[in-house]
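# An overview of the molecular structure
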12 protein chains.
Amino acid sequence: MIVHVINGPNLNMLSKRDPTVYGTVGYGELVNEIQSWCEAERIKVNFFQSNHEGEIIDYMQKIPVKDGIVINPGAFAHYSYALRDALEIFKGLKVEVHISNIFRREEFRSHSVTAPVCDGVISGLGVHGYILAIQFITSKVFDKGKEP
Amino acid sequence: MIVHVINGPNLNMLSKRDPTVYGTVGYGELVNEIQSWCEAERIKVNFFQSNHEGEIIDYMQKIPVKDGIVINPGAFAHYSYALRDALEIFKGLKVEVHISNIFRREEFRSHSVTAPVCDGVISGLGVHGYILAIQFITSKVFDKGKEP
Amino acid sequence: MIVHVINGPNLNMLSKRDPTVYGTVGYGELVNEIQSWCEAERIKVNFFQSNHEGEIIDYMQKIPVKDGIVINPGAFAHYSYALRDALEIFKGLKVEVHISNIFRREEFRSHSVTAPVCDGVISGLGVHGYILAIQFITSKVFDKGKEP
Amino acid sequence: MIVHVINGPNLNMLSKRDPTVYGTVGYGELVNEIQSWCEAERIKVNFFQSNHEGEIIDYMQKIPVKDGIVINPGAFAHYSYALRDALEIFKGLKVEVHISNIFRREEFRSHSVTAPVCDGVISGLGVHGYILAIQFITSKVFDKGKEP
Amino acid sequence: MIVHVINGPNLNMLSKRDPTVYGTVGYGELVNEIQSWCEAERIKVNFFQSNHEGEIIDYMQKIPVKDGIVINPGAFAHYSYALRDALEIFKGLKVEVHISNIFRREEFRSHSVTAPVCDGVISGLGVHGYILAIQFITSKVFDKGKEP
Amino acid sequence: MIVHVINGPNLNMLSKRDPTVYGTVGYGELVNEIQSWCEAERIKVNFFQSNHEGEIIDYMQKIPVKDGIVINPGAFAHYSYALRDALEIFKGLKVEVHISNIFRREEFRSHSVTAPVCDGVISGLGVHGYILAIQFITSKVFDKGKEP
Amino acid sequence: MIVHVINGPNLNMLSKRDPTVYGTVGYGELVNEIQSWCEAERIKVNFFQSNHEGEIIDYMQKIPVKDGIVINPGAFAHYSYALRDALEIFKGLKVEVHISNIFRREEFRSHSVTAPVCDGVISGLGVHGYILAIQFITSKVFDKGKEP
Amino acid sequence: MIVHVINGPNLNMLSKRDPTVYGTVGYGELVNEIQSWCEAERIKVNFFQSNHEGEIIDYMQKIPVKDGIVINPGAFAHYSYALRDALEIFKGLKVEVHISNIFRREEFRSHSVTAPVCDGVISGLGVHGYILAIQFITSKVFDKGKEP
Amino acid sequence: MIVHVINGPNLNMLSKRDPTVYGTVGYGELVNEIQSWCEAERIKVNFFQSNHEGEIIDYMQKIPVKDGIVINPGAFAHYSYALRDALEIFKGLKVEVHISNIFRREEFRSHSVTAPVCDGVISGLGVHGYILAIQFITSKVFDKGKEP
Amino acid sequence: MIVHVINGPNLNMLSKRDPTVYGTVGYGELVNEIQSWCEAERIKVNFFQSNHEGEIIDYMQKIPVKDGIVINPGAFAHYSYALRDALEIFKGLKVEVHISNIFRREEFRSHSVTAPVCDGVISGLGVHGYILAIQFITSKVFDKGKEP
Amino acid sequence: MIVHVINGPNLNMLSKRDPTVYGTVGYGELVNEIQSWCEAERIKVNFFQSNHEGEIIDYMQKIPVKDGIVINPGAFAHYSYALRDALEIFKGLKVEVHISNIFRREEFRSHSVTAPVCDGVISGLGVHGYILAIQFITSKVFDKGKEP
Amino acid sequence: MIVHVINGPNLNMLSKRDPTVYGTVGYGELVNEIQSWCEAERIKVNFFQSNHEGEIIDYMQKIPVKDGIVINPGAFAHYSYALRDALEIFKGLKVEVHISNIFRREEFRSHSVTAPVCDGVISGLGVHGYILAIQFITSKVFDKGKEP
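Since the structure is predicted, the reported quantities are computational estimates derived from the model, not experimental observations.

For the rest of this paragraph, the subject is the overall build of chain A. Counting secondary structure elements, chain A contains 5 helices and 5 strands. Written out in order from the N terminus, the α and β elements of chain A read β-α-α-β-α-β-α-β-β-α. Whereas a compact globule of 148 residues would reach a radius of gyration of roughly 15 Å, chain A reaches 14 Å, a difference of no more than 12%. Considering chain A as a whole, with its 148 residues, one finds that 70% of them fall into the buried category.

Structure representation (structure tokens):
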């Protein structure tokens, strides 16, 4: 069982974005922090980042249902119904993560078209959000399966 | 330092709600699970539930800034600007939690007026959501202070 | 089996409101008329009025499912999603009543957030509306159970 | 004095509609139940059903003001401003009835253009709704005239 | 060449409507006044009134292009796209008339779906409006053909 | 008694506008045609045109209530609430005229903020519209006073 | 088994409408072309056209469920919820057809209230659309029953 | 005659709010300043603050009509139709006050549901606003009764 | 230091407007009352009224920052972004005043485009509103400078 | 002459989607069925599927005008204005196909930004839709060229 | 051939506006810079600034079609349909210029009612915008006439 | 220092688009004209065109801040928030260019999601627009740095 950490467009530029919104951690560090934590927890994790909607969909279509998905769709969250469909097709555990609190920024960011087809959403908890999502998926907390 | 777990209206009726949306855990069990986890992690936690908007505001106004708030505003999330103001006045760490994924239910539930003044939002991760929020606040993950 | 007649905010001031909209009957008379009718029909009825959203929710959470609810939410009908949730949790028979015809007044009054979770709505039939609702619930008309 | 029970389009097909929404009573039975009840109460009642907006308006224009109208406009409730005008012109007692609770179905059904010109609305009480409306109009309950 | 004066639903009830909006003239008098004026002006005029959308469309489909239409669609103006299509198909001169000023009444009356396919609109000039429309069509004023 | 024919911005450029919309008559000819017709009918008429909202309001404030106003507000119809107020203050007869049919052009032209405070509106009847409006005001048709 | 080809208001005037939108085929020819094709394919077909909403509903209520419906509701598509209900009640195969592409015309035409209760929609394929719809219904293509 | 100065939710936390919006005066000082001014002017004043919508309504229902109300509803201004009804029932002089200019803040703050049922609104004049409102009510300025 | 009392379009016609909305005081009296009060308080005051948006802007551009502005923009409040910009450029104290309560009249009056760039707004307090605004600006109440 | 059958994102996952919406046919079978039918009809057909908006546009830009396009844009139908432009540039015959009836699913699916620039739309007829679209394009039915 | 550089309301106050939005150049300097550049390029240029909508329209109506217009409508861009009409009537080359980027400021500034009737728009390029617009009009770049 | 001229989807098909909107210049000529002009001005310029949103983002992420961007996002302007984010991350000078005037075309084209994060926008000036944007960026006009 693998957790796939998928990052959408411009998240590879994390350190170039507004630090009051995104913090100062770069994409490499983000990967490293999550990787370290997962190794400590003996969780297999795969990273994928792309600025191409199609590549993310291609990637997601190949993930087996026993795996889990932690996805930060970046700006795709606000309009990519194609990504939404790909997420809906995937029947395993899936959590949407946003580094910043999308509800306190520009109006268009407060609406996610992908959120309704994920199991849940974590927004505004910075890099922590990814790790908390992995915790949820790997049932580290209660050792339970998927519940509502 | 104490984490205040505040639950809004009707969350004391958890076990009476639609189990496909809310699971089968009752409010008492929810408190117990969180309590147990916090004890194991040596985190001080306080529980407060009320169906009265005013009581929640009264309670929140007395919390010192060094504490943290994990709040599930229930339906107040969708219209209580008074609660929003109370949350905005509190300058400590605060995370909004919803047991169900509010983005896949009735239209009115997908809009939270309190979310923009919290640090972050966790929605749809069931009872886990509370514990993940406490983790974030108590910095169990990275031992860091509040970051964007 | 008891029918609970619940009145929301400002309905205790009935005789002070615009008589062309609300008629001239005061809250006391309203209670008396319903009480008399119920006694004649040997129906047990309980009255509850409050200007506090939380008190109404508290009250409703204790009603057993075999009882019935006749509720005039007053202005709460237009925004109290917390009351809506409390109504939704109650699985017995429940009818929303408005003394005035809410569809011919200010725009905001024509939308009720509680109506969708009740069995039905009676609006504009004055004090009669309460009694007709009780009739429905007590199945005086056809001696049938709840039907769509 | 006669109560006119007017049913709009497709209500003659009642037994063919979704039983979880409309129950299992057909139009014939509906007429019979109301007829029986009215006979027992010595109320004169007239039934009229049509799928033609114009026929309903023609019919309504001939009703004398001393009579009463119980109308289930069916889908006309959602767009027929012509029917609304005909109802507005009629100055006697008039109550709009819907078998199902129109506020918990498709969005378009929650808005009635005819409701604002009726005295009141009963929605979601099934066949009972008609009889309760007749009760209101014939003042069986309090033996009073029209009040707000 | 004939001018067809078409009146939509409820205009046959003119004298029963609110006199502060519609004046005190009844439908019969309206016809008479227009008839008299037309006779004096030696204009052939035909009257048609119906509460049936379909009958008005049937009638209009038979009018030859050399004739003119003065139509008061009544409430059909606000939703009957079928009537709009029938008007659009007729290529002769056509003027929409409303007795009352539809822009100072209920919101829904200020929008006419038929107005865009007529040559022009006269609203609020009472019975005069019909005669002014006939004047326009019969070119009594300047003896000119149709101009923009 | 004088009829004031007031033309708003750009109507002095009539002959420069799209002839398929406005016809080929220039402002001078428009004035002449109306003048001639009024002379024949022995009606006193005054013309005023301005591109300045303030000048039109100044002019209108001086008109005595016994006079009448025929106003083509041009584009002011779509936003000048100041002009609307000036029209509302004038208690005499007043008719809004548009040369083109404003309901079949750009969306913004189909809404007039001045129409609700006039007695009536004539739109799309070209230069005729002015004369028909004067007829209405001077009661040439039925020799009656202002009626609804 | 019969396919009922139902045409709504103004489709009997097909040859009078804008040829760049509707082509040059008249209603008679349309019927003939479909008739010929059906005869060749040994499909029983019935034609019905009316400008009356009520007549179409009356007609549809009598169609047995084993038959199929090809309906061009004309302008009724944009507002007739009564027709929608009649279509919803019919449980057999039903396809909505529009001769023109309703998505490239006036805004109001791009929304069909009847489409959601049909099995499918064909728009913009001219007279072909009817025949393709019949093909679908009669399963000439794959000889299969109704599939999603 | 007493002026009731009612403050809604979170106004007891005034000194904790954004000083660029609310200034630096705390609730206690606010009360003191108004009290001092009133004493100097020999005006009887009563203070009431609550975070509970129901308590404010309870309080207001007991105020006699000869008294006056100066109310800062805080966030209740944006959604509490129950408070609006309570204000509408009170027939004495009543002025809504906001310390900050609610029209230059978040979009939701620019809409007050209580303002339409007050005599007037003062917004953005800080603590002065309360005193100016009291002046208005006590007719210090012109010694006149209530005028439009 | 001078307070400039600026009145927009139609306020010179005050006594001609609906007395139930505007009271019976005319513009001349309004000026006199304010003048008298200011003389008593030894405040220098300048009056300016115009129906011309441009003249008001011209006037305002010449006011030195040490002066104050009390402006009743009349109907310009609802659309004149040019006036808004002129107000925004002026950096001194400025208060918007409306004689009537703009929140209880036509929908369009409840939105002011100029209010967000003023320090505050007084609405519905009649002629008093001007004097209270002058009080605020001249710091008669607390002898303080501009505060939030 | 070739017909290009283009399928957008996630249509390669057809068999993984909700069978009550999409049926049970997989993408491979869909291609085979169409291929077989086309071979029988001696129609040259080319298949292209991609999850990449850019690849579909690249592909479409190379299609000669004498060919035809049958496109199921999948979720791109709801937002890809780039695809719309590519379709608009192609001047040959083009039909948009949706397997499911997009008008009876989520609100966002009922709006297609690509439909207005296609000749027509077929929605809800399952796999048949593709073949019917090919029929239309290849003029198998009437052997005619493109008509409205 | 002359280029008319027209500036709307408050642009004469350029140096008084927010320098982070408008820069530090005043209106006089703006005129000088453009004048100098035009002299160097031997372009005849005329400057006109007014806070009066009517004056700008008057001025524009006299410009011969061979001239060109560079217009910064200031706030008139957001509501002056009268100015739009005046621009539409002018058939020569015309470019709308905004000093600031109107798309990144208040919502109301992102919509220009005059832009659709100009040849093009330049926004956000500061004083350069005017000169670039003059370049376009005088065809300095490619020495071509007006092209789409 | 290099200016990057980036063209989005379908701009490589320029000569195939509607010449009344886009002119007759093809993409190759467009590149050549800009290239020639830049060579004459000794400006280094790079061209990039793609129909792939992801490729444009990839390309833009590599541009150093000292360079400048002239981007015609084509249809991506109307929905690609991913492109918007990429533009926002780039801190150098950037101008959005549209060949046609996007404000006089289909409604959806008048809204650009990328415009708010560019320095400015040039729309409707055809191929000139690109060169004027390069002029702005290279400070040929005034030899100044970036100003508001």
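Turning our attention to the relation of the copies chain I and chain K. Mapping chain I onto chain K is achieved by rotating through 120° and translating by 0.0 Å along the same axis, at an RMSD of 0.0 Å. What the superposition gives is, in effect, a three-fold axis relating one chain to the other. Looking at the rotation axis and the C-alpha trace of chain I, the residue lying nearest is Tyr79(I), at 4.1 Å. Interface overlap between copies is the fraction of interface residues in one copy that are interface residues in the other; for chain I against chain K it is only 12%, indicating separate surfaces.

For the rest of this paragraph, the subject is helix α4 (residues 81-89) of chain G. All names here are of chain G. The buried fraction of α4 is high, at 8 of 9 residues. Those residues of α4 lying buried are Tyr81, Ala82, Leu83, Arg84, Asp85, Ala86, Leu87 and Ile89. Contacts made by the buried residues of α4 are with α3 (53-61), β3 (68-72) and β4 (93-98).

What follows deals with the relation of the copies chain B and chain A. Overlay of chain B on chain A (RMSD 0.0 Å): rotation 180°, translation along the axis 0.0 Å. Such values leave the two copies arranged in the relation of a two-fold axis. Closest approach to the rotation axis within chain B is made by the C-alpha atom of Ile122(B), at a distance of 2.3 Å. A share of 100% of interface residues in chain B that are also interface residues in chain A marks the association as one of identical surfaces.

All names here are of chain K. Where helix α2 (residues 27-41) contacts helix α5 (residues 128-137), the axes come no closer than 10 Å and their chain directions differ by 30°. Relative to α5, the element α2 is oriented roughly parallel. The crossing of α2 and α5 is right-handed. Across from Leu30, Glu33, Ile34, Trp37 and Cys38 in α2, the residues of α5 making contact are Tyr130, Ile131, Ile134 and Gln135. Of the residues belonging to the contact of α2 with α5, the class tally is 7 nonpolar, 1 polar and 1 charged.

Another point: the confidence of the model for chain A. Residue and element names in this part refer to chain A. Mean pLDDT over chain A stands at 92; residues scoring 70 or higher make up 94%. Across residues 141-148, confidence stays below pLDDT 50; counting only partners more than four residues off in sequence or on other chains, it has 23 contacts. The complex model carries a pTM of 0.94, and its ipTM stands at 0.92.

With 34 residues of chain B in contact, the opposing surface of chain A contributes 34 residues. The contact between chain B and chain A buries some 3,200 Å² in all, and 60% of this surface belongs to carbon and sulfur atoms. Our enumeration of links across chain B and chain A arrives at 0 salt bridges. Between the two partners, chain B and chain A, sit 11 residue pairs in polar contact (both at pLDDT 80 or more). Mapped onto the side of chain B that touches chain A, the elements with two or more residues apiece are α1 (19-22), α2 (27-40), β5 (120-123) and α5 (128-137) of chain B.

Spatially, β2(A)-β1(A)-β3(A)-β4(A)-β5(A)-β5(B)-β4(B)-β3(B)-β1(B)-β2(B) is the arrangement adopted by the 10 strands of the open sheet, whose pairing is mixed. A strand with exactly one partner marks an edge of an open sheet, and here the two such strands are β2 (44-49) of chain A together with β2 (44-49) of chain B. Put simply, the sheet's adjacent strands are angled 20° from each other on average, direction ignored. The sheet contact formed by strand β5 (residues 120-123) of chain A and β5(B) spans 3 bridges and is antiparallel. Across the sheet, the residue bridging to Ser123(A) is Val121(B), located in β5(B). In the packing of helix α5 (residues 128-137) of chain A onto the sheet, the strands contacted are β1 (2-7), β3 (68-72), β4 (93-98) and β5 of chain A, and the crossing angle to β4(A) comes to about 165°.

With phi around 75°, Asn10(G) is a residue other than glycine that occupies positive phi space. By relative accessible area, Asn10(G) is classed as buried at 0%. A positive phi is found at Arg42(I), a non-glycine position, where the angle reads about 55°. Inspection of the secondary structure puts Arg42(I) in the loop between α2 (27-41) and β2 (44-49).

Along α5(A), 10 of the 10 residues are buried, which leaves the element largely enclosed by surrounding structure. Among the residues of α5(A), His128(A), Gly129(A), Tyr130(A), Ile131(A), Leu132(A), Ala133(A), Ile134(A), Gln135(A), Phe136(A) and Ile137(A) are the ones counted as buried. Each element contacted by the buried residues of α5(A) is listed here: β1, α2 (27-41), β3, β4 and β5 of chain A together with α5 of chain B. Trailing α5(A) by a residue or two, Ser139(A) shows a phi angle of about 55°, which is positive.

Enumeration over the complete set of coordinates arrives at 72 salt bridges over all chains. We note a salt bridge from Arg109(H) to Glu88(B), for which the minimum N-O separation is 3.9 Å. With one member in each of two chains, Arg109(H) in the loop between β4 (93-98) and β5 (120-123) and Glu88(B) in helix α4 (residues 81-89) form a pair that bridges those chains. Relative accessible area serves as the criterion here: at 2%, Arg109(H) is assigned to the buried category.

Before going further, it helps to examine the interface of chain I and chain K. When the parts of a complex come together, some accessible area is lost, and that lost area is often used as the size of the interface. Across the contact, 16 residues belong to chain I and 16 residues belong to chain K. Counting the surface lost from both chain I and chain K, the interface buries some 1,400 Å², and carbon and sulfur atoms represent 52% of this. Considering only the surface of chain I that becomes buried against chain K, Gln61(I), Tyr81(I) and Ile89(I) emerge as the three largest contributors, covering 42% of it. Here chain I and chain K share 4 salt bridges between them. The shortest N-O distance in the salt bridge between Asp85(I) and Arg109(K) comes to 2.9 Å. Our enumeration of links across chain I and chain K arrives at 9 residue pairs in polar contact (both at pLDDT 80 or more). Of all elements in the fold, only α3 (53-61) and α4 (81-89) of chain I reach the threshold of two or more residues within the side of chain I that touches chain K. The element that contributes the greatest number of residues to the side of chain I that touches chain K is α4(I), accounting for 7 residues. Counted by class, the side of chain I that touches chain K contains 6 nonpolar, 3 polar and 7 charged residues.

Reading guide: rules and limits
Residues numbered from 1 in each chain as written. Chains lettered and ligands numbered in written order. Predicted model: local features only at pLDDT ≥ 70, side-chain atom pairs only at ≥ 80, totals over all residues. Heavy atoms only, no water. Helix = DSSP H or I, 4+ residues; strand = E, 2+ residues; numbered from the N terminus. Rg over C-alpha atoms; globule rule 2.2 N^0.38 Å. Buried < 20%, exposed > 50% of the residue type's maximum accessible area, 1.4 Å probe, protein only. Least-squares fit on C-alpha atoms with pLDDT ≥ 70 in both. Contact = heavy atoms within 4.5 Å. Axes fitted to C-alpha atoms, helices over the stretch in contact; angles between N-to-C directions. Parallel < 35°, antiparallel > 145°, perpendicular 65-115°, else oblique. Left-handed = near helix turned anticlockwise from the far one by under 90°. Nonpolar A, V, L, I, M, F, W, Y, C, P; charged D, E, K, R; others polar. pLDDT = per-residue confidence, 0-100. Buried area = accessible area lost by both parts, 1.4 Å probe. Salt bridge = Lys/Arg side-chain N within 4 Å of Asp/Glu carboxyl O. Polar contact = N/O pair within 3.5 Å; in protein donor to acceptor, adjacent residues only side chain to side chain. Pairing = 2+ DSSP bridges.

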